[in-house]
Amino acid sequence: MKHKSLVSITDYSKAEYLKVLEVANDFEKNSYQNLLNGKVVAALFFEPSTRTRLSFESAINRLGGKVIGFSDANTSSVTKGETLYDTIKVVSNYAELIVMRHPLEGSARYASEIAKVPIINAGDGANQHPTQTLLDLYSIYKTQGKLDNLNIYMVGDLKYGRTVHSLLMALSVFNANFYFISPDELKMPKEYKMYLDKIGLKFIEKKDIDDTINEADIIYMTRVQKERFSDPIEYERTKNAYVLKSDMMENCRPSMKVLHPLPRVNEIDIEVDSGPYAYYFEQTENGVYIREAIISLIMGLK
Amino acid sequence: MKNNKLEVSAIKDGTVIDHIPAGHLFKVINILKLDSIDNTITFGTNFLSKRLGKKAIIKLSNVFFKDNDINRIALVAPSAKLNIIKDYKVVEKKIVEVPDEIQGIVKCVNPKCITNNEKVTTKFTIEDKKKIKLRCVYCEKITDIEQLDTI
Ligand SMILES: [Zn+2]
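The structure contained in this document is the topic of the report that follows. (Residues numbered from 1 in each chain as written. Chains lettered and ligands numbered in written order. Predicted model: local features only at pLDDT ≥ 70, side-chain atom pairs only at ≥ 80, totals over all residues. Heavy atoms only, no water.)

Bringing the overall build of chain A into the picture now. Broken down by element type, chain A carries 10 helices and 9 strands. Evaluated residue by residue, chain A yields a buried proportion of 57% over its 302 residues. With an accessible surface of roughly 12,600 Å², chain A has 48% of that area assigned to carbon and sulfur atoms. Of the side-chain charges in chain A, 37 are positive and 40 negative, and the distance between the mean point of each set is 5 Å. (Helix = DSSP H or I, 4+ residues; strand = E, 2+ residues; numbered from the N terminus. Buried < 20%, exposed > 50% of the residue type's maximum accessible area, 1.4 Å probe, protein only. Areas by Shrake-Rupley, 256 points an atom, 1.4 Å probe, with all protein chains shown as cover. Lys, Arg positive; Asp, Glu negative; His and termini not counted. Charge placed at Lys NZ, Arg CZ, Asp CG, Glu CD.)

The next point concerns the overall build of chain B. Within chain B, the secondary structure is distributed over 2 helices and 9 strands. For chain B, the succession of helices and strands along the chain, N to C, is β-α-β-β-α-β-β-β-β-β-β. Relative to its length of 151 residues, chain B is compact, with a C-alpha radius of gyration of 16 Å against a globular reference of 15 Å. In chain B, buried positions account for 48% of the 151 residues. Taking contacts inside chain B between residues at least 6 apart in sequence as the whole, the part at least 24 apart equals 59%. For chain B, the computed accessible surface area is about 8,700 Å², with 50% contributed by carbon and sulfur atoms. If you average the places of the 27 positive and of the 19 negative side-chain charges in chain B, the two averages end up 5 Å apart. (Rg over C-alpha atoms; globule rule 2.2 N^0.38 Å. Contact = heavy atoms within 4.5 Å.)

Before going further, it helps to spend a moment on the coordination of the zinc ion. Residues and elements named next belong to chain B. Around the zinc ion, the protein contributes the donor atoms Cys108 (SG), Cys113 (SG), Cys136 (SG) and Cys139 (SG), which lie 2.3 to 2.4 Å from the metal centre. Considering all 4 donor atoms around the zinc ion, the spread of angles at the metal, 98 to 118°, places the coordination shape in the tetrahedral class. The sequence pattern describing where the donors of the zinc ion fall on their chain is C-x4-C-x22-C-x2-C. Here cysteine 113, found in the loop between strand E6 (101-103) and strand E7 (123-128), pairs with cysteine 136, found in strand E8 (residues 133-136); they are 23 residues apart in sequence, far enough to count as distant. Considered together, cysteine 113 and cysteine 136 belong to a single accessibility category, that of buried residues. (Donors = N, O, S within 2.8 Å, 3.2 Å for Na, K, Ca; no water. Tetrahedral: all angles 85-135°; square planar, octahedral: opposite > 155°, others 65-115°.)

In this structure, Leu134, Leu137, Met154, Phe178 and Ile295 of chain A are the most contacted members of the largest nonpolar core, which totals 59 residues. Here this core takes 8 residues from helix H10 (residues 280-298) of chain A, the largest share from any one element. If you look at the next biggest cluster of nonpolar residues, it comprises 56 residues, including Ile119 of chain A together with Ile58, Phe124 and Leu134 of chain B. (Core = buried A, V, L, I, M, F, W, Y, C linked by side-chain atoms within 4.5 Å.)

Turning our attention to the pairing of strand E2 (residues 41-49) of chain B. Note on strand geometry: in a regular strand, side chains alternate between the two faces of the sheet. Residues and elements named next belong to chain B. The pairing of E2 with strand E3 (residues 53-61) spans 7 bridges and is antiparallel. By the bridge assignment, leucine 48 is partnered in E3 with lysine 54. Connecting E2 to the next strand, E3, in antiparallel fashion are 3 residues. (Pairing = 2+ DSSP bridges.)

With that out of the way, let us pick up the sheet that holds strand E3 (residues 97-102) of chain A. Residues and elements named next belong to chain A. Sheet architecture is open: 4 strands sit in the order E2-E1-E3-E4, paired in parallel fashion. Across the chains shown, the open sheet's two edge strands, defined by having one partner strand only, are strand E2 (66-70) and strand E4 (119-124). Across the sheet, the mean angle separating the axes of adjacent strands is 15° when strand polarity is ignored. Across 4 bridges, E3 lies against E4 in parallel orientation. Paired with methionine 100 across the bridge in E4 is asparagine 121. (Axes fitted to C-alpha atoms, helices over the stretch in contact; angles between N-to-C directions.)

Attention shifts here to the packing of aromatic side chains. Enumeration according to the criterion identifies 9 aromatic pairs over all chains in this entry. Summarising the aromatic geometry, the rings of tyrosine 153 of chain A and tyrosine 179 of chain A are spaced 5.4 Å apart at their centres and angled 35° between planes, so their arrangement reads as tilted. Here tyrosine 153 of chain A, found in strand E5 (residues 151-155), pairs with tyrosine 179 of chain A, found in strand E6 (residues 177-181); they are 26 residues apart in sequence, far enough to count as distant. Aromatic pair phenylalanine 26 of chain B and phenylalanine 43 of chain B: ring centres 5.9 Å apart, planes at 85°, arrangement edge-to-face. Taken together, the positions of phenylalanine 26 of chain B in helix H1 (residues 25-31) and phenylalanine 43 of chain B in strand E2 put the pair 17 residues apart, joining distant regions of the chain. On the accessibility criterion, phenylalanine 26 of chain B (57% relative accessible area) is exposed. Through a chain of ring-to-ring contacts, the aromatic side chains of Phe178, Phe180 and Phe203 of chain A assemble into a single cluster. The cationic tip of arginine 228 of chain A hangs over the ring face of tyrosine 160 of chain A; the distance from NZ or CZ to the ring centre is 4.3 Å. Of note, arginine 291 of chain A hangs over the ring of phenylalanine 56 of chain A, and the distance from its end group to the ring centre comes to 4.9 Å. (Phe/Tyr/Trp six-rings, centres within 6.5 Å; stacked < 30°, edge-to-face > 60°. Lys NZ or Arg CZ within 6 Å of the ring centre and 35° of its normal.)

Okay, here's the thing in structure tokens:
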């Protein structure tokens, strides 16, 4: 991991996932550790994402590092037409690590080939957001006490939701059982199902949230966005079918937890927040520890 | 029998590329950059072929390819066969092989891919050699044979 960029979740092995979780657990116990000791980290946000940026900045600050960068391409030289190539070349002279978010897919991989310092991908379009996936793994591990052989229930937009694709890839090395619940238009893409077939993992596809929810260890909710539907009437008809409500979970396992990458719109009823299953706000807190862990492992400080 | 062959110019020394799917002739020309060489080139297309329906043939005088170079056409002409000609005789026959990785040549199908928005040489790993599925090293999306567009 040392000096190696983190662009895709599959850049790491199972052993490396477990290492990140172990170090994150250490940071959770003691979050302020001056390991970066004034070292400079660049945070280049070519598109705004306040939540992710603040989580990274919090992690860097807790590690005693300094942050340079921009939070939006409009305030940077990018608006003057500078190429990504030039920006990365220049910034890698100023910082020892680059955290970047960019609307174009593959931009982080490309940057990792150009930069002489490691890159952490904080989201490249609809492609990858590996620190989100690792914090999801950490949340699952913390709430279930293990990662192996879990029943994972994924609900909503499984077609465009990059978080569910990356989480599927990560959990596939832990022998997960998957349930995919989505409208026809937003089903899990074929390539992921073929991959699960190939490695011999079971999955069940359904259109509705039904009794199988009682077997779930994790319910991973995603947003069903109107603009994803070719037919707006179809959206109106289906949107309410993918809203999680307290009464649906009456017979769920006591240890079951509901996760959501946030921000949510209406896909989890507010009532669920105060119940025993909600975990999505704690999930974001875990992001800071996970990012501290990833940064310190890449910088060779742990 | 004789009429089925491209006899216009039997070549003394060079390479004959046979069994190119007719519809991909110009892609092959493009990939091998045949438009920028000075050697004599003859090509014919829409010959009847039992296996391909319609096929194309290219004859190149005094051109000999390295395996790495010729394998680049495997994406658009996986069934292509090469005859190496020396002194009017076939001295060697070769088939093309789909490589494990491919650089340049092909465009990524994803309009939001960095390679379609900045000057980046495309790079793919071959996910499926039979059905020709290419995975973009950058955006990780699959480009398959029907979507294949050469640069
Ligand atoms: Zn691409």
